Each structure stands twice: as structure tokens, then as C-alpha cells.
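# Structural overview
The primary structure of each chain is shown beneath.
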Amino acid sequence: MNRPDVPPPAELFLGFAKASISGFGGVLPFARHMLVEDKKWLSEQEFTDLFSFSQFMPGANVVNLSVCVGSRFHGPLGAFAALMGMLVPPIIVILLLGAFYVEFGQTSLMQGLFRGLGAAAAGLVLGTALKMGRTLRGAMPILFAALAFAAIAWLRVPLILMLAVLAPLSIGYQWIRPR
Amino acid sequence: MDQAAMNSGLLLNLISYFALLSLISFGGVSASLPEIHRYFVEQQHWMGSEEFARLFGIANAAPGPNMMVVGVLGYQVAGPAGAILSFVAMALPSSILAYYLGGIWQRFRDRPWRIATQAGLAPLTIGLLLASGYVLTLTADHGSWVAYAISGCTVLLFMATRIHPLWCLGAGALLGVFGWV
């Protein structure tokens, strides 16, 4: 495959800046298109490897992805450039949205709009979770997923407390489980 | 306490909360929304549940990463400075962690401890995301059967078809503008 030269940091910034505000309800498909198909900075396999790590780490997965891609080409400078590309355009959009909400958010038209959007967006989160849930295999992983759900959804336990108890148990189970 | 001191206390509170959350938000920002709701609504009383749901809605009205909701909530609590600082505090610690661990993780990809860690955290992130969908649906749809219908149809369409999510958001927004939600 014909791979172009290493992209300069300014290119990384611009590429991620464009991807970061291309999509509604998630940047991932646009980041993937940019990296693999448009700019060809990564192969399909490289993208999958970097993304599975980004998804596993805490924090927003597309933000982690930008850091990994940037550092791969230019170390700390590349990571910084890609990260800024991922963060700066959304910050500008947030400031505009916030000012708009303060100014016009109380009209009944807007309140209705936000309620409708919120209902659909909540359905998207639920749908994503159910899709991912279909990949669970085995009684113990399902039990750990159910305990995490109950702790957060019903018992309203702080996240850090839930992780402090369940993460060692779930990781420990995977460690001793016969393969 | 004067206004300036109160405001800087608020900003410090937001920064320290999101900087910590950044390091424990396995499953991403979407999976952390019940935790953010717990802190903003139940613990700090910065807003009511309905306002939280509306701000979650507005964050989905604009293009950008799922993380946008953090900035929008920060704006509501402490204005533009609150928005910028919350957003950066949520992004930076996890980015630094990813920067340093990225190489290590690839190097140890076949070690049993690495495989057990990843396999052990996966069910927890799925449970978290499910809790998030559950809490958001109850919060956003409270008291409106049309809202429940929108969420339900979105779940079904999203799971059974390859329809672009934007259509669901657009339909929800349109029903909302007509005042039916």
C-alpha cells in the first residue's frame, strides 16, 4: 500500500479538528474515515489496535485515540497537536451553545426541542449498551455486568466505590478462570 | 464569602471532580453520566433532574464528541470559565495516561495480567453503559409517554436497522418543537 509521509503536526491538528465537529452523537465514524480512508495515516488493523486500547482506557475514547495517533507520528508534540484539534472546536461550540441556552433556553419551543432530543439521545445510549451487552459470554461476566448496573442505576453508588469493589473481583476472576 | 471567592471555589470544585472522573471513567463519558448526575443533582444540588435532562438534550443538538455534555453542564454551573475548565479537566488526565500507557500496553499485549485486566473490566463497562441508558431514559422521559415512545423507538431502530442515529435525534427534536413531548 502506498503510505504517504508522516503527517506534520499542523496536519494532525487540522485533521482531528475537522473530525471532531463532523458528527452528531459521536465522532468515531468520522475519525475512522479520516484516518483510514481519507488521509490513509493508519491501516485498518492499526486503527483497530489503537481504538481498542483507547476504548479500554478511562476517558473519552476519541480523545484517547487522538493522543495515540499523534504520539505515534510526532511523540509529545504530535499528541498535543492532535489533542488540541480534538478539543478546541468542541469548546467553541460549547460556548456558543451555553450562551444560546442562557439567552433562549427558557422558551417553551426550545424546552420542547431539548426534551425531544434528550429522549432520542437516551435511547441511543440504551441501544448502544444493549448491543454491547449481546457480546457478553459466560455466567460470571454477566453477573459482574448486572452488579455494576444495579450499583449505579438502583443503589446510586459513587462510580469510584463501585470500581473499587467490583474491578478487583472481576479481574481476579479472569485471572484464575480456567482457559 | 464574596462573589469572586465563591466563583473560584466553584471552578476548583468542577476541575477536581472532572479531573478525578477522567481517570476512572471506564466506558467513556456516556457510561459516566449517572455518576455526573449523582454529583450535580443529588450531591451538589447545582440543578434539578429536569434541567440535567435538558442540558443532556442540548449537548446532543450540536455536532461534537459525547464529551460535549461535560462542557455544557460546566457552563450552566459556572459560565464560560466553568465550561472550558470542566471540559479540559475531563480530557487532560486520561490523555496523559493514554500517552504514557499506550506503548506499555502494546509491549505487554500477550501477558496474562494484561489480558485479565482487559477482560475483567469489559463486563463492568457494559453494566455501566446500561445503567447510563436506564438512568438517562428515566430522567429525560419523566412524565411523558411520548418521550418514552421516542426512546423506545430509537432503541429498536438502532438495534434492528443500520439507520443513521441522526434521524432518531431529528425526529425527537421535531416532535419536541411541536410541543408533543
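All of these numbers come straight from a predicted model, not from anything done at the bench.

Let's shift gears to the overall build of chain B. Within chain B, the regular secondary structure consists of eight helices and zero strands. Seen in sequence order, chain B has helices and strands lined up from the N terminus as α-α-α-α-α-α-α-α. Considering only C-alpha atoms, chain B reaches an extent of 55 × 55 × 25 Å along its principal axes. Burial status across chain B gives 54% buried among its 181 residues. For chain B, contacts bridging at least 24 residues in sequence account for 54% of all contacts bridging at least 6. Per element, the accessible surface of chain B, about 7,700 Å² overall, is 68% carbon and sulfur. Across chain B, the mean location of the 7 positive side-chain charges is 21 Å away from that of the 7 negative side-chain charges.

Summary: where empty space remains is shown by rolling a probe the size of a single water molecule over the atoms. Counting across every chain of the model gives one cavity of 30 Å³ or more. When its volume is computed, the largest cavity comes out at roughly 40 Å³. Along the walls of the largest cavity sit Leu 97, Gly 98, Tyr 101 and Val 102 of chain A together with Leu 55, Ile 58, Val 72, Tyr 75 and Gln 76 of chain B, which together make up its complete lining. Listed by contribution, the elements that provide at least two residues to the lining of the largest cavity are helix H4 (61–104) of chain A together with helix H4 (49–59) and helix H5 (68–107) of chain B. With four residues, H4 of chain A is the largest single contributor of residues to the lining of the largest cavity. Residue classes in the lining of the largest cavity are distributed as seven nonpolar, two polar and no charged.

What follows deals with the interface of chain A and chain B. In this complex, chain A contributes 85 residues to the contact, which on the side of chain B involves 94 residues. Counting each side, the surface lost to burial between chain A and chain B is near 8,200 Å², with a carbon and sulfur contribution of 77%. Its largest share of buried area at the contact with chain B, chain A owes to Phe 24, Phe 56 and Arg 115 of chain A, together 9% of the area lost on that side. Connecting chain A to chain B are two salt bridges.

With 16 residues, helix H6 (residues 139–154) of chain A should cover 22 Å at 1.5 Å per step; its first-to-last C-alpha distance of 21 Å lies within 8% of that length. For H6 of chain A, the complete set of buried residues consists of Pro 141, Phe 144, Ala 145, Ala 148, Phe 149, Ala 150, Ala 151, Ile 152 and Ala 153 of chain A. For H6 of chain A, the elements touching its buried residues are helix H7 (159–176) of chain A together with helix H3 (33–43) and helix H6 (112–141) of chain B.

Looking now at the side chain of Thr 154 of chain B. Within the fold, Thr 154 of chain B resides in helix H7 (residues 145–160). Once residues within four sequence positions are removed from consideration, Thr 154 of chain B is found in contact with Ala 120, Gly 123 and Leu 124 of chain A together with Cys 168 of chain B.

Its identity as a non-glycine residue notwithstanding, Arg 156 of chain A has a phi of 55°, on the positive side. When you line up the elements, Arg 156 of chain A lands in the loop between H6 and H7. Unusually for a residue other than glycine, His 45 of chain B sits at a positive phi of about 55°. Inspection of the secondary structure puts His 45 of chain B in the loop between H3 and H4. Judged by its relative accessible area of 61%, His 45 of chain B falls in the exposed class.

Moving on to the nonpolar core. Generally speaking, soluble globular proteins have nonpolar side chains that are buried together. By size, the foremost hydrophobic cluster in this structure holds 110 residues, and its most contacted members are Leu 35, Val 69 and Met 162 of chain A together with Phe 18, Ile 36 and Phe 40 of chain B. Residue contributions to this core peak at 17 residues, all from H4 of chain A. If you count residues domain by domain, this core takes at least three from each of domain 1 (9–134) and domain 2 (136–179) of chain A. Leaving out residues up to four positions away in the same chain, Met 162 of chain A has contacts with Ala 148, Ala 151, Ile 152, Val 157 and Ala 167 of chain A together with Leu 128 of chain B.

What follows is about the domain arrangement of chain A. When its domains are assigned, chain A resolves into domain 1 (9–134) and domain 2 (136–179). Averaged C-alpha coordinates put domain 1 of chain A and domain 2 of chain A at centres separated by 27 Å.

This paragraph deals with the confidence of the model for chain B. Residue and element names in this part refer to chain B. Residue-level pLDDT values for chain B average 92, and 99% of them are 70 or greater. When mean pLDDT is taken per element in chain B, H3 scores highest with 96 and helix H8 (residues 165–177) scores lowest with 91. As scored by the predictor, the complex reaches a pTM of 0.91 and an ipTM of 0.91.

What follows concerns the pattern of salt bridges. For the coordinates displayed, the defined rule picks out seven salt bridges over all chains. Glu 42 of chain B is the salt-bridge partner of Arg 156 of chain A, the closest N and O atoms lying 2.9 Å from each other. Placement of Arg 156 of chain A in the loop between H6 and H7 and of Glu 42 of chain B in helix H3 is noted, with the two residues assigned to different chains. Accessibility expressed as a relative area gives 36% for Glu 42 of chain B, which makes it partly exposed. Ionic pairing is found between Glu 51 of chain B and Arg 54 of chain B, a salt bridge with its closest N-O pair at 4.0 Å. With Glu 51 of chain B and Arg 54 of chain B both in helix H4 and three residues apart, the pair spans about one turn of that helix.

Here we come to the packing of aromatic side chains. In the structure shown here, the tally under the stated rule is 20 aromatic pairs over all chains. Here the aromatic rings of Phe 47 of chain A and Phe 51 of chain A are separated by 6.0 Å at their centres, their planes lie at 0°, and the arrangement is stacked. Pair noted here: Phe 47 of chain A and Phe 51 of chain A are both in helix H3 (residues 44–56), with a separation of four residues, about one helical turn. Phe 51 of chain A matches Phe 47 of chain A in its accessibility class, with the two residues each being buried. Through pairs of rings, three or more aromatic residues link up here, namely Phe 53 and Phe 56 of chain A together with Trp 105, Phe 108 and Trp 113 of chain B. Between Lys 131 of chain A and the ring centre of Phe 158 of chain B, over which it is positioned, the NZ or CZ distance is 4.2 Å.

Definitions and limits used
Residues numbered from 1 in each chain as written. Chains lettered and ligands numbered in written order. Predicted model: local features only at pLDDT ≥ 70, side-chain atom pairs only at ≥ 80, totals over all residues. Heavy atoms only, no water. Helix = DSSP H or I, 4+ residues; strand = E, 2+ residues; numbered from the N terminus. Buried < 20%, exposed > 50% of the residue type's maximum accessible area, 1.4 Å probe, protein only. Contact = heavy atoms within 4.5 Å. Areas by Shrake-Rupley, 256 points an atom, 1.4 Å probe, with all protein chains shown as cover. Lys, Arg positive; Asp, Glu negative; His and termini not counted. Charge placed at Lys NZ, Arg CZ, Asp CG, Glu CD. 1 Å grid on protein atoms, 1.4 Å probe; cavity = no way out; pocket = protein on both sides within 12 Å on 5 of 7 lines; lining within 4 Å. Points joined across faces, edges and corners; volume = space filled by probe spheres on them. Nonpolar A, V, L, I, M, F, W, Y, C, P; charged D, E, K, R; others polar. Buried area = accessible area lost by both parts, 1.4 Å probe. Salt bridge = Lys/Arg side-chain N within 4 Å of Asp/Glu carboxyl O. Expected span 1.5 Å × (residues − 1). Core = buried A, V, L, I, M, F, W, Y, C linked by side-chain atoms within 4.5 Å. Domains from an automatic or database assignment. pLDDT = per-residue confidence, 0-100. Phe/Tyr/Trp six-rings, centres within 6.5 Å; stacked < 30°, edge-to-face > 60°. Lys NZ or Arg CZ within 6 Å of the ring centre and 35° of its normal.

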